[in-house]
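Structural features, examined
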Amino acid sequence: MLTVAFLVGVVLVSFLAVEIGPLYVNDRFRKLREPTDAERAELNAFRTAADLDVDRIAIIETTGDNSVEVAVRGPPRRRVLFVTDYVLDELEDAVALGLLAAESGRVQTYYGEFRAVAIGVVLAILAAIVTTIVPFDTGFASLAAIGVAAFWVGRRVQYAADDRAADAVGADVVADAFERVSAVRGVEPETSDWSTWFEVQPPLGDRIGALRKRAEL
């Protein structure tokens, strides 16, 4: 009984760390402010179009550099939309809309919750191996099987999230937003190769390609 409780505890603690940790870090260690009335009205219009439901909006103040970030952090009923002021001040409305739609898709498909559960289960198996609760061979085989399943399912969830975003605002709008942000950051969207085989989230270039194909249909 204690063994089960220990493993469940590992999963729970890991889940909370992954799900709530980024929210705590953003709230505690970043320079935040409330949106102005104009910013709130603009973001609310984007949220309505993107079908994004959050409990709070926070603007991240930057120092003039090209800091592009649109992210929803926190568990259900405690979700916070973080947006850098650069997004609102310097980027086109369509880009901001596409980025909010992408976050809305991840929220609607519970991508963050899936990722947190997957990490918790992997850490629980590792804890079981280290503490000899399960034999090494059995534990390693289970870890490999769950890892491969998590990679595959995680990618499917991300593509499903992008599909939700495309349904809301259009596939080209989302793809254009991804490409615009890549250009601002001075990077080329990465596509799949051997180095990306074990990443839960598919490369951005592949996601853009899938959105372009969807737009052609």
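Residues numbered from 1 in each chain as written. Predicted model: local features only at pLDDT ≥ 70, side-chain atom pairs only at ≥ 80, totals over all residues. Heavy atoms only, no water.

Considerations on the nonpolar core
In this structure, Leu 43, Val 68, Leu 81, Val 83, Leu 99 and Leu 100 are the most contacted members of the largest nonpolar core, which totals 36 residues. Ranked by residues supplied to this core, first place goes to helix α4 (residues 93-108) with eight residues. When sequence neighbours within four positions are dropped, the list of residues in contact with Leu 99 reads Val 68, Val 70, Ala 177, Phe 178 and Val 181. Leu 23, Ala 58, Ile 60 and Val 80 belong to the second largest nonpolar core, which has five residues in total. (Core = buried A, V, L, I, M, F, W, Y, C linked by side-chain atoms within 4.5 Å. Buried < 20%, exposed > 50% of the residue type's maximum accessible area, 1.4 Å probe, protein only. Helix = DSSP H or I, 4+ residues; strand = E, 2+ residues; numbered from the N terminus. Contact = heavy atoms within 4.5 Å.)

Some words on the pattern of salt bridges
A complete count under the given rule lists 15 salt bridges for this structure. For the salt bridge of Glu 61 with Lys 31, the shortest nitrogen-to-oxygen distance reads 3.7 Å. Placement of Glu 61 in the loop between β2 (56-60) and β3 (70-73) and of Lys 31 in the loop between α1 (2-29) and β1 (32-33) is noted, with a sequence separation of 30 residues between them. Across the salt bridge formed by Asp 162 and Arg 207, the nearest N and O atoms sit 2.8 Å from each other. In this pair, Asp 162 sits in helix α6 (residues 136-169) while Arg 207 sits in helix α8 (residues 204-216), placing the two residues 45 residues apart along the sequence. Judged on exposure class, the residue Asp 162 and its partner Arg 207 are both buried. (Salt bridge = Lys/Arg side-chain N within 4 Å of Asp/Glu carboxyl O.)

Let's talk about the pairing of β3
By the bridge criterion, four bridges tie β3 to strand β4 (residues 80-84) in an arrangement that is antiparallel. Paired with Ala 71 across the two strands is Phe 82, which belongs to β4. Between β3 and the antiparallel strand that follows it, β4, lie six residues; Gly 74 among them carries a positive phi value of about 105°. (Pairing = 2+ DSSP bridges.)

Some remarks on a nonpolar patch on the surface
Residues Leu 12, Leu 16 and Ile 20 make up a contiguous nonpolar surface patch of roughly 240 Å² in combined accessible area. Looking at where Leu 16 falls in the secondary structure, it is placed in helix α1. (Patch = residues over 30% accessible without salt bridge, like charges linked within 9 Å, V, L, I, M, F, W, Y side chains within 5 Å. Areas by Shrake-Rupley, 256 points an atom, 1.4 Å probe, with all protein chains shown as cover.)

Some points on the side chain of Asn 26
Mapped onto the fold, Asn 26 is located in helix α1. Owing to a relative accessible area of 7%, Asn 26 belongs among the buried residues under this scheme. Residues within four places of Asn 26 in sequence aside, it is in contact with Leu 32, Ile 60, Glu 69, Arg 73 and Phe 82.

Some thoughts on the confidence of the model for the protein chain
When the pLDDT values of the protein chain are averaged, the result is 90; 98% of them are 70 or greater. Mean pLDDT values over the elements of the protein chain span from 81, in α1, up to 98, in α4. (pLDDT = per-residue confidence, 0-100.)

Side note on the layout of surface pockets
A water-sized probe rolled over the atoms picks out the places where empty space is left. Within this model, the largest pocket holds a volume of roughly 810 Å³. Lining the largest pocket are 31 residues, with Val 70, Ala 71, Arg 73, Glu 103 and Arg 106 sitting closest to its centre. Of all the secondary-structure elements, those providing two or more residues to the lining of the largest pocket are α1, β3, α4, α5 (111-130), α7 (171-185) and α8. Of the residues forming the lining of the largest pocket, the biggest block, five residues, is contributed by α4. Residues belonging to the lining of the largest pocket are distributed by class as follows: 16 nonpolar, four polar and 11 charged. (1 Å grid on protein atoms, 1.4 Å probe; cavity = no way out; pocket = protein on both sides within 12 Å on 5 of 7 lines; lining within 4 Å. Points joined across faces, edges and corners; volume = space filled by probe spheres on them. Nonpolar A, V, L, I, M, F, W, Y, C, P; charged D, E, K, R; others polar.)

What to know about unusual backbone geometry
One non-glycine residue, Tyr 110, lies in the positive phi region at around 55°. Looking at where Tyr 110 falls in the secondary structure, it is placed in the loop between α4 and α5. Judged by its relative accessible area of 48%, Tyr 110 is partly exposed. Its identity as a non-glycine residue notwithstanding, Thr 132 has a phi of 60°, on the positive side. Among the residues examined, Thr 132 registers a relative accessible area of 63% and is labelled exposed.

Quick word on the packing of α6 against α7
Packing of α6 against α7 brings their axes to within 6 Å, and their N-to-C directions diverge by 115°. Residues Asp 162, Ala 165, Ala 166 and Val 169 of α6 form the contact with α7, whose own contacting residues are Ala 171, Val 173, Val 174 and Phe 178. (Axes fitted to C-alpha atoms, helices over the stretch in contact; angles between N-to-C directions.)

Comments concerning the packing of α4 against α6
Taken N-terminus to C-terminus, the directions of α4 and α6 make an angle of 130°; their axes are 7 Å apart at the nearest point. Classified by the angle their axes make, α4 and α6 are oblique. When the axes of α4 and α6 are compared, the crossing they make is right-handed. Each of Leu 97, Ala 101, Ala 102, Gly 105, Arg 106 and Gln 108 in α4 lies in contact with α6, whose residues at this interface are Gln 158, Ala 161, Arg 164, Ala 165 and Val 169. The class makeup of the residues in the contact of α4 with α6 is six nonpolar, three polar and two charged. (Parallel < 35°, antiparallel > 145°, perpendicular 65-115°, else oblique. Left-handed = near helix turned anticlockwise from the far one by under 90°.)

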